Amino acid sequence: MKSSKHASDMKQRSLRGLLAIMLLTCLPAMAQELPDWSGSWEAQFGGLGTGYVEQPELSDAGRAQIENYRRMRDAGELPESSEGINCVPIGMPDIMPSPLFLLEFYFVPEKIVVYLEAYGMVRWIHTDGRDIPADATPAYMGHSTAHWEDDVLVVETSAVYEGTRMMIPAPDTGEMILVRHSEDLQLTERIQLIDEDTLEIITTITDPALFEGSAQKRNLFSRRRGREWEVSEYVCAQNNRSYLDEDGKQHFILTTD
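Computed from a predicted model, the values in this text were never measured in an experiment.

How would you explain the pairing of strand 1 (residues 40-43) if you had to name every residue and give the values?
As defined by bridge partners, strand 1 adjoins strand 12 (residues 214-224) across 4 bridges and the pair is classed as antiparallel. By the bridge assignment, Glu42 is partnered in strand 12 with Ser222. Sheet topology note: the strand 1/strand 3 (residues 102-108) ladder contains 2 bridges and is antiparallel. Within strand 3, the residue paired with Trp41 across the bridge is Leu103.

Structure representation (structure tokens):
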């Protein structure tokens, strides 16, 4: 009996050891080798091939928004200040390439965290295989899930708060006009390094309130290194003020308080 039990114990230990060796051997192949996105990133503007890749085909509702904007502008009815003056943050997708503001990426288990210097916003991109629930509470950053295709991060975003606005090109002049998207906005981003210090984000935008089919835009970001390029704290409410005059017209002031 002792001999039989000893042989059984030895067999179990051998199997456990073999399983451990197999697991350790497979782990390097199973693990995703993450790219180096360290440092701060600054959006490039005006470069060849950036912005909307081609003129998107607008829906009837999208064209109506542009015409309404132009009518208000020509009649002098546009407010002198925008939501930003009252510290309402820019939402997705326009907050990613915010001019003058940096962003950083942090790789943590089961998610990627993006810190956006603009408005001090934080974006969570989940990489744990979850699905975004249909009843997700709308948010300025929306709700994002992602997976890797080699060294390209593919991010799907939905449930973006419909109170935010985004810039789209007018079909006749190409001028950028601020419009409101709907709750049906869907975003797909493909993010990758195209050289050591240049990050590319190609965003496909789907929203029947704006486009027939979808629109696509391309943004490039330059890596900035060194302490002088570290992201800073930004408290919008510190110096932004908006007020109504005696005629009910909106104005803004910037203070140093």
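Summarise the packing of aromatic side chains; cite the residues concerned and give the values.
Following the criterion strictly, the structure yields 7 aromatic pairs and no others. Arranged with centres 5.0 Å apart and planes meeting at 65°, the rings of Trp37 and Phe105 form a pair that is edge-to-face. Of this pair, Trp37 sits in the loop between helix 1 (2-30) and strand 1 while Phe105 sits in strand 3, placing them 68 residues apart in sequence. We classify Phe105 as buried; its relative accessible area is 7%. An aromatic cluster of at least three residues, connected via ring pairs, comprises Trp37, Phe105, Phe107 and Trp148. Here the guanidinium or amino end of Arg224 rests over the ring plane of Trp229, the centre of that ring lying 5.1 Å away.

Describe unusual backbone geometry, and please don't skip the residues or the numbers.
Geometrically, the link from Met92 to Pro93 is a cis peptide bond, its omega value of 5° lying close to zero. In the Ramachandran plot, Glu110 falls in the positive-phi region, its phi being about 70° despite a non-glycine side chain. Mapped onto the fold, Glu110 is located in the loop between strand 3 and strand 4 (111-116). Positive phi values are uncommon outside glycine, yet Ala159 reaches one of about 55°. As for its placement among the helices and strands, Ala159 is situated in the loop between strand 7 (152-158) and strand 8 (165-169). Relative accessible area serves as the criterion here: at 16%, Ala159 is assigned to the buried category.

Mind laying out the pattern of salt bridges, listing which residues take part and the relevant values?
Under the counting rule described, the total for this entry stands at 17 salt bridges. Sharing partners across several salt bridges, the network here consists of Glu67, Arg70, Arg73, Asp74, Asp172 and Glu175.

Explain helix 2 (residues 60-74) residue by residue, including any values.
Along an α-helix, residues three or four apart share an orientation, since each turn contains 3.6 residues. Under the 1.5 Å per step criterion, the end-to-end length of helix 2 is 21 Å for 15 residues, consistent within 8% with the ideal 21 Å. Buried within helix 2 we find Gly62, Ile66 and Arg70. The arc that holds every buried residue of helix 2, seen down its axis, measures 75°, which confines them to one face. Buried residues in helix 2 make contact with strand 8 and strand 9 (176-180). Phi for Gly76, located one or two positions after helix 2, is positive at around 70°.

So what about the nonpolar core? Which residues, and what values?
Judged by nonpolar contacts, the single largest core of 40 residues is most densely connected at Phe105 and Ile168. With sequence-adjacent residues up to four places away left out, Ile168 is seen in contact with Tyr52, Leu58, Ile66, Glu175, Met176, Ile177, Val179, Leu210 and Phe211.

Summarise the environment of Thr206; cite the residues concerned and give the values.
Here Thr206 is to be found in strand 11 (residues 198-206). You can call Thr206 partly exposed: its relative accessible area is 33%. With 19 residues separating them in the primary sequence, Thr206 and Leu187 have C-alpha atoms 6.5 Å apart. Not counting residues within four places of it along the chain, the set of residues in contact with Thr206 comprises Asp184, Leu185, Gln186, Gly213 and Ser214.

Rules and cut-offs
- Residues numbered from 1 in each chain as written.
- Predicted model: local features only at pLDDT ≥ 70, side-chain atom pairs only at ≥ 80, totals over all residues.
- Heavy atoms only, no water.
- Pairing = 2+ DSSP bridges.
- Helix = DSSP H or I, 4+ residues; strand = E, 2+ residues; numbered from the N terminus.
- Phe/Tyr/Trp six-rings, centres within 6.5 Å; stacked < 30°, edge-to-face > 60°.
- Buried < 20%, exposed > 50% of the residue type's maximum accessible area, 1.4 Å probe, protein only.
- Lys NZ or Arg CZ within 6 Å of the ring centre and 35° of its normal.
- Salt bridge = Lys/Arg side-chain N within 4 Å of Asp/Glu carboxyl O.
- Expected span 1.5 Å × (residues − 1).
- Arc of directions from axis to C-beta.
- Contact = heavy atoms within 4.5 Å.
- Core = buried A, V, L, I, M, F, W, Y, C linked by side-chain atoms within 4.5 Å.

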